[in-house]
Amino acid sequence: MAVNTECAESQETRVLPLLSPRTRAKHDLSKRNDNIPLFYAEMSGEELDRRITAAREALGERVLILGHHYQRDEIIKYADYRGDSFKLAQLAAARPQADYILFCGVHFMAESADVLSGAHQKVILPNPAAGCSMADMANIAEVEECWQMLEEQLGADAGIIPVTYMNSAANLKAFCGRNGGIVCTSSNAPAVIDWAFKQGKRVLFFPDEHLGRNTGLKYGIPEEQMMVWNPKDPMASDDAEEEVERAKIILWKGHCSTHMRFSVEQIEQARATYPDIKILVHPECRHEVVAAADLYGSTEYIIDQIEKAPTGSKWGVATEINLVHRLAQEHPDQFIFCLDPIVCPCSTMYRIHPAYLAWVLEALLDGEVINQVSVDADTAHWARIALERMLALAK
Ligand code: SF4
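Analysis parameters
Residues numbered from 1 in each chain as written. Predicted model: local features only at pLDDT ≥ 70, side-chain atom pairs only at ≥ 80, totals over all residues. Helix = DSSP H or I, 4+ residues; strand = E, 2+ residues; numbered from the N terminus. Rg over C-alpha atoms; globule rule 2.2 N^0.38 Å. Contact = placed C-beta atoms within 7 Å. Core = buried A, V, L, I, M, F, W, Y, C linked by C-beta atoms within 7 Å. Buried ≥ 20, exposed ≤ 12 C-beta atoms within 10 Å, placed from the backbone. Pairing = 2+ DSSP bridges. Axes fitted to C-alpha atoms, helices over the stretch in contact; angles between N-to-C directions. Left-handed = near helix turned anticlockwise from the far one by under 90°. Domains from an automatic or database assignment. Right-handed = clockwise from strand over helix to strand, strands pointing away.

*Asks:* For this particular structure, what's the right way to read the overall build of the protein chain?
*Replies:* The helix and strand inventory of the protein chain stands at 18 helices and 15 strands. For 395 residues, the compact-globule estimate of 2.2 N^0.38 gives 21 Å, and the protein chain sits close to it at 21 Å. Each of the three principal axes of the protein chain carries a C-alpha extent, and together these read 60 × 55 × 45 Å. Excluding contacts between residues fewer than 6 apart, the proportion of contacts in the protein chain whose partners are at least 24 apart in sequence is 69%.

This is how it looks when you write it as structure tokens:
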């Protein structure tokens, strides 16, 4: 299947996404800073490469660069480690000699690294505008309102266990820590749901409706016992109260725009073109896509399946394009392509540009920490409790 159409954003090579003046004003009191000096934005790729390499050498082991799998190659080539969000946060914690952790990912990942790393370590997100649209679909005020409404309707013994996906703000992880809940990743979501039902009777799962549904169905909860909670209008349907009463899993209405691009039609077309193809998808995709696939699992699972596949294997993959392209390059003996013909990267990950890397590294050489992501002590304490509950499951 020829991949010949590209979305506008993936053609962008030099444009540096900046916060709008309004958004910038909103963050004036935080440590966020997106006023990248113009000369960095105007530098050639060669000049940026020279300056990044020189700054890294000068900083030595004091700086650790982490690159999420969804980052573009121009960033990944500088990463000391690449991985998914959780693996990278753990790696940050395992390198105490690094005073500065440059997290080339998105905001919630940098927060998790700050929660898990040492007090002396400073976590930097090179471009503070690199958020995650899914993580932004749940905020603490809406989750607390939902919690209160559910408790009012279901009573004190409702037995609701809050479960948040790793892709969420630190204050939502802290909410789970405070309320007997837990964090999950796309790898361990089934084990986390199992744990949650041993602690209580219901699960409130946020912010990804699709990971929650896919995991619930895998666990054996029928669709009728799952309801979708729309924070903008939670009681819109006529039988909303009955839905709440019978729901074993309450799914927050949130999604990943990147993984929502995949469809059953794309899978059918790939199979029609290549009858021996294997379809491998991420659980943030809609359930019908997951159900139609041969295999599904987390980013690390997808990588693992391809790494151990024999020469000549053919894969249609439903996940972020930078990762799929890299897998194709690293496994030229296999045929690997992205199921979405309109090739589009995760637009928020894409905001990390080499110019930001050069800027924050050179600032460190001058003793200045730019774009630090710092979680306050109380939030970090409770978020760590929710993360540690998850880690205990792996032991
Ligand atoms: S791929 Fe989706 S979930 Fe992952 S960072 Fe991008 S928007 Fe967020």
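Once you've had a look at it, read on.
*Asks:* Can you walk me through the nonpolar core in this structure?
*Replies:* In summary, soluble globular proteins display a tendency toward joint burial of nonpolar side chains. Counting residues in hydrophobic clusters, the biggest one holds 118 residues, and the most contacted among them are L66, I101, L102, F103, A113, V163 and V281. Among the elements that take part in this core, helix 17 (residues 354-365) stands out by supplying eight residues, more than any other. Beyond its immediate sequence surroundings of up to four residues, I101 is in contact with L64, L66, A92, A113, S117, Q121, V123 and I124.

*Asks:* Would you take a moment to explain the pairing of strand 8 (residues 202-206) for this structure?
*Replies:* For strand 8, a buried count of five out of five residues is recorded, marking the element as mostly surrounded by other parts of the structure. Of the two faces of strand 8, the one lined by R202, L204 and F206 and the one lined by V203 and F205 are each fully buried. Bridging between strand 8 and strand 10 (residues 249-252) involves three bridges; their strand directions are parallel. Within the sheet, the bridge partner assigned to F205 lies in strand 10 and is L251.

*Asks:* Just to check I follow, could you spell out the packing of helix 6 (residues 85-93) against helix 7 (residues 107-116) for this structure?
*Replies:* Helices that pack against each other are described as a pair by the angle of their axes relative to one another and the distance between those axes. Relative orientation of the contacting elements helix 6 and helix 7 amounts to 35 degrees, with a least axis distance of 8 Å. When the axes of helix 6 and helix 7 are compared, the crossing they make is right-handed. Contacts from S85, L88, A89, Q90, A92 and A93 in helix 6 reach M109, S112, A113 and L116 in helix 7.

*Asks:* What is the right way to read the domain arrangement of the protein chain from this model?
*Replies:* One frequently used descriptor of interface size is the decrease in accessible area upon assembly of the parts. Split by domain assignment, the protein chain resolves into domain 1 (17-130 + 348-375), domain 2 (135-256) and domain 3 (259-343). A C-alpha centroid distance of 32 Å is found between domain 1 and domain 2. Taken together, the contact between domain 1 and domain 2 spans seven residues of the former and seven residues of the latter. Taken together, the elements giving at least two residues each to the side of domain 1 that touches domain 2 come down to helix 6 and helix 7. Top contributing element to the side of domain 1 that touches domain 2 by residue count: helix 7, with four residues.

*Asks:* Even after reading the chapter, I still don't get the sheet that holds strand 4 (residues 100-104), so can you show me in this structure?
*Replies:* Two modes of strand pairing occur in sheets, parallel and antiparallel, and in both the strands are linked by backbone hydrogen bonds. Spatially, four strands are ordered 3-2-4-5 in an open sheet, and the strand pairing comes out parallel. Among the strands making up the open sheet, the edge pair consists of strand 3 (81-83) and strand 5 (122-124). Adjacent strand axes in the sheet meet at a mean angle of 25 degrees, parallel and antiparallel pairs treated alike. Strand direction decides the pairing type here: strand 2 (residues 63-68) and strand 3, joined by three bridges, are parallel. For L66, the partnering residue across the bridge sits in strand 3 and is Y81. Docked against the sheet, helix 6 engages strand 2, strand 3 and strand 4, running at close to 170 degrees with respect to strand 2. Along the sheet face, helix 7 touches strand 2, strand 4 and strand 5 and points at about 155 degrees away from the line of strand 4.

*Asks:* Hey, could you run me through the sheet that holds strand 10 in this one?
*Replies:* Taken together, the five strands give an open sheet; going across it, the order is 7-6-8-10-9, and neighbouring strands pair in parallel fashion. Since the sheet does not close on itself, it has two edges, and those belong to strand 7 (182-184) and strand 9 (226-229), each with one partner. Pairwise comparison of adjacent strand axes, ignoring direction, gives a mean angle of 25 degrees for this sheet. Note that strand 6 (residues 160-165) and strand 8 share five bridges and pair parallel. Looking at strand 8, one finds that V163 is bridged to F205. Against the sheet, helix 10 (residues 189-199) contacts strand 6, strand 7 and strand 8, and its axis sits at roughly 160 degrees relative to strand 7. Its contacts with the sheet place helix 11 (residues 209-219) against strand 6, strand 8, strand 9 and strand 10, and it is angled at close to 155 degrees to strand 10.

*Asks:* Explain helix 9 (residues 170-178) to me, please; I cannot follow it from the model alone.
*Replies:* In an α-helix there are 3.6 residues to a turn, and that puts residues three or four apart on one side. In terms of burial, helix 9 is a largely internal element, seven of the nine residues being buried. Taken as a whole, helix 9 has its buried residues at A170, L172, K173, A174, F175, C176 and G177. The secondary structure elements touched by the buried residues of helix 9 are helix 7, helix 8 (140-154), strand 6, strand 7, strand 8 and helix 18 (377-393). Following helix 9 by one or two positions, G180 adopts a phi angle in the positive range, close to 75 degrees.

*Asks:* It is not clear to me how unusual backbone geometry should be interpreted in this structure. Could you clarify?
*Replies:* Residues apart from glycine generally show negative phi values, whereas peptide bonds are mostly found in trans. Look at the link from F206 to P207: it is a cis peptide, with omega at -5 degrees. Phi angles above zero are rare outside glycine, and N371 is one such case at about 60 degrees. As for its position among the elements, N371 is in the loop between helix 17 and helix 18. Given 24 C-beta atoms within 10 Å, N371 falls into the buried group.

*Asks:* How should the pairing of strand 9 be read in this particular structure?
*Replies:* Walk down a regular strand and you will see the side chains alternate between the two sheet faces. Bridging between strand 9 and strand 10 involves four bridges; their strand directions are parallel. For M226, the partnering residue across the bridge sits in strand 10 and is I249. Considered for its hand, the β-α-β crossover made up of strand 9, helix 12 (residues 240-246) and strand 10 is right-handed.

*Asks:* How should the environment of G312 be read in this particular structure?
*Replies:* Inspection of the secondary structure assignment puts G312 in the loop between helix 15 (299-307) and strand 13 (314-318). Taking the C-alpha atoms as reference points, G312 and R202, 110 residues apart in sequence, are found 45 Å from one another.

*Asks:* Sorry if this is basic, but what is going on with the environment of W252 here?
*Replies:* Here W252 is to be found in strand 10. Remark: the alpha-carbon pair of W252 and I75, spanning 177 residues in sequence, is separated by 33 Å. Apart from the residues within four sequence positions on either side, W252 is in contact with A138, F205, F206, P207, E209 and W229.

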